[in-house]
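# Analysis of the macromolecular model
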Amino acid sequence: MKWIRCIHDGQTFYGILDDDRITPVRGDPFNGHERRNESLRLADVRIEVPVIPPTFYCVGLNYVQHIGAEGKNIPAQPDVGYRANNALLAHGQDVLMPADATRVQYEGELVVVIGKRMKHVRPEDVRAGILGYTIGNDVSARDWQASDRTFWRSKNTDTFKPMGPWIETDPDLARMETVVSVNGRESTRFGTGDMLFGVDTFISTMSRYLTLQPGDILWMGTDGHSPDLSDGDVVDVTLTGLGTLTNRFTRLPG
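These numbers were taken from a predicted model, which means no experiment stands behind them.

To continue, consider the overall build of the protein chain. Broken down by element type, the protein chain carries three helices and 20 strands. A compact globule built from 254 residues should have a C-alpha radius of gyration of about 18 Å, and the protein chain, at 18 Å, falls within 12% of that. For the C-alpha atoms alone, the extent of the protein chain along its principal axes is close to 55 × 45 × 30 Å. Sorting the 254 residues of the protein chain into buried and exposed places 53% on the buried side. Sequence-distant contacts in the protein chain: of pairs separated by 6 or more residues, those separated by 24 or more amount to 71%. Carbon together with sulfur atoms contributes 45% to the accessible area of the protein chain, which is approximately 11,700 Å² in total. Charge centroids of the protein chain, computed over 27 positive and 34 negative side chains, lie 3 Å from each other.

So, in structure tokens, the structure goes:
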């Protein structure tokens, strides 16, 4: 099942997407819903970020090639950070690169969407608490990342976290590939599941200390190395069975 959050006639709502048709619902996928007796075309709505999370978690280093490209040591245990909701951006909207952010790069990522409250959950029970998965592009300003003590602007500048276009509840993670293209040309491809620590391990570890709530999200990290992006570049992040997240990168004037 695909859950989509969108706007039509000035109203924001959740719907169930089937091919190019949306069945709007009353409620949401986290607290219960009722299907409306209507159908909309996907082309007639504006797609919004699929969830505004209570807490936005992220994985920093979870793929070997990316760790090497960043010049870091391979972590011995799961390591979790945070991102800011102000940076979230929907499919089809422009990433706005500040004039003084000179080395902006993409990071295609699997995003886990929590569906149920979880605390002290065993790895084998994690999947029962997950609503589904979506796609993230963890935009990073590498010059700021190198100079700032924290990632407050290199990772959290407005529009730096495109996510969407919808939530898929039952993808095949074992066979999934992440493919990133810039202006229609493939630049990165890796097995989405080739993580140091998988979804079950991360969420079980987190739940020892944190209470995960419905709607929380966890971005699972990326592999490989991204080129620097330029004004007008269009980045497509495709995850097998999830779809494609597309955003144009626009340079703001100085």
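Resuming the write-up.
This part takes up the sheet that holds strand 10 (residues 95-97). Pairing is mixed across the open sheet formed by five strands, whose spatial order is 10-20-19-16-17. Looking along the sheet, the strands with just one partner apiece sit at the ends: strand 10 and strand 17 (185-191). Neighbour-to-neighbour, the strand axes of the sheet open up by a mean angle of 20°, direction not taken into account. With six bridges joining them, strand 16 (residues 177-182) and strand 17 adopt antiparallel strand pairing.

Let's shift gears to the pattern of salt bridges. What the rule picks out here adds up to 15 salt bridges. R103 is the salt-bridge partner of D228, the closest N and O atoms lying 3.5 Å from each other. Of the two residues, D228 sits in the loop between strand 18 (217-219) and strand 19 (234-239) while R103 sits in the loop between strand 10 and strand 11 (104-105), which places them 125 residues apart along the sequence. Among the residues examined, R103 registers a relative accessible area of 34% and is labelled partly exposed.

Here we take up the pairing of strand 12 (residues 108-114). Burial of strand 12 is extensive: seven of the seven residues sit out of reach of the surface. Across the two faces of strand 12 the burial is the same, with G108, L110, V112 and I114 and E109, V111 and V113 all buried. Strand direction decides the pairing type here: strand 12 and strand 13 (residues 130-137), joined by seven bridges, are antiparallel. Bridging across to strand 13, V111 finds its partner in T134.

Here we take up the environment of A84. With respect to the helices and strands, A84 occurs in the loop between strand 8 (80-82) and strand 9 (88-89). It is 17 Å that separates the C-alpha atoms of A84 and L212, two residues lying 128 residues apart in sequence. In contact with A84, not counting residues within four places along its chain, are F56 and N156.

The subject of this paragraph is the UniProt feature "domain: Rv2993c-like N-terminal" (unreviewed entry) in the protein chain. With numbering matched to this structure, UniProt assigns "domain: Rv2993c-like N-terminal" (unreviewed entry) to residues 1-50. Helix makes up 0% of residues 1-50 and strand 62%. Its end C-alpha atoms lie 14 Å apart.

On to the domain arrangement of the protein chain. Domain boundaries in the protein chain define domain 1 (1-48) and domain 2 (49-251). Spacing between the C-alpha centres of domain 1 and domain 2 amounts to 24 Å. For the pair domain 1 and domain 2, the summed buried surface comes to about 1,300 Å²; carbon and sulfur atoms form 56% of the total. Three residues, W3, F30 and I47, lead the burial of domain 1 against domain 2; their summed loss comes to 42% of the area buried on that side. Joining domain 1 to domain 2, the criterion identifies one salt bridge. Between K2 and E168 there is a salt bridge, with its nearest N and O atoms 3.2 Å apart. Across the contact surface, domain 1 and domain 2 share six residue pairs in polar contact (both at pLDDT 80 or more). Among the secondary structure elements, those contributing two or more residues to the side of domain 1 that touches domain 2 are strand 1 (2-8), strand 2 (11-18) and strand 6 (46-47). When residues in the side of domain 1 that touches domain 2 are grouped by element, the largest group, four residues, is from strand 1. Its residues placed into classes, the side of domain 1 that touches domain 2 shows nine nonpolar, no polar and four charged.

Moving on, we come to the packing of aromatic side chains. Summed over the entire model, instances satisfying the criterion amount to six aromatic pairs. Their ring planes at 80° and their centres at 6.4 Å tell us that Y14 and F30 sit as a pair that is edge-to-face. With a gap of 16 residues between them, Y14 in strand 2 and F30 in the loop between strand 3 (21-28) and strand 4 (32-35) connect regions that are remote in the sequence. For F30, a relative accessible area of 16% puts it in the buried group. Following the ring pairs from residue to residue traces out a cluster consisting of W3, Y14 and F30. When the ring centre of F13 is taken as reference, the NZ or CZ atom of R36 above it lies at 5.5 Å.

Here is what the cut-offs are and how they apply
- Chains are numbered independently. Their residues run from 1 in the order of the written sequence.
- Given that the model is predicted, a residue must reach a pLDDT of at least 70 before its local features are reported, and side-chain atom pairs must reach 80 or more before they are shown or counted; all residues, however, enter totals for whole chains, interfaces and linings.
- Excluded from the side-chain calculations are hydrogens and water; all other atoms, namely the structure's heavy atoms, are used.
- The way it works is that DSSP assigns letters per residue, a run of H or I at least four long becomes a helix, a run of E at least two long becomes a strand, and they are numbered from the N terminus.
- Atoms counted for the radius of gyration: C-alpha only. Globule rule: 2.2 Å times residue count to the power 0.38.
- Relative accessible area decides the class of each residue, using a 1.4 Å probe on protein chains only: under 20% of the type maximum gives buried, over 50% gives exposed, and in between gives partly exposed.
- Any two residues whose heavy atoms approach within 4.5 Å are treated as being in contact.
- Per-residue and other accessible areas were derived by the Shrake-Rupley procedure at a 1.4 Å probe size, with only the shown protein chains allowed to occlude residues.
- Within this scheme the basic residues Lys and Arg register as positive and the acidic residues Asp and Glu register as negative, but His and the chain ends are omitted.
- All charge positions are set by atom: Lys at NZ, Arg at CZ, Asp at CG, Glu at CD.
- When DSSP locates at least two bridges between a pair of strands, those strands are taken to pair.
- Angular values range over 0 to 180 degrees, each being the angle between N-to-C directions of two axes fitted as lines to C-alpha atoms, with helices fitted over their stretch in contact.
- What counts as a salt bridge is simple: a side-chain nitrogen of Lys or Arg found within 4 Å of a carboxyl oxygen of Asp or Glu.
- UniProt positions are given in the numbering used here, feature names are shortened, and annotations may be inferred rather than shown by experiment.
- Delimitation of the domains relies on an automatic or database domain assignment.
- Computed with a 1.4 Å rolling probe, the buried area is the accessible surface lost when two parts are put together, summed over both parts.
- Here a polar contact is taken to be a pair of N or O atoms separated by no more than 3.5 Å, where protein atoms must pair a possible hydrogen donor with a possible acceptor and residues adjacent in sequence count only if both atoms sit in side chains.
- When residues are sorted by character, Ala, Val, Leu, Ile, Met, Phe, Trp, Tyr, Cys and Pro go into the nonpolar class, Asp, Glu, Lys and Arg into the charged class, and all the rest, Gly among them, into the polar class.
- Planes of paired rings set the category: under 30 degrees apart is stacked, over 60 is edge-to-face and the rest tilted, where pairs are Phe, Tyr or Trp rings (Trp by its six-membered ring) whose centres lie within 6.5 Å.
- By definition here, charges over rings are those cases where NZ of Lys or CZ of Arg is within 6 Å of the ring centre and within 35 degrees of the ring normal.

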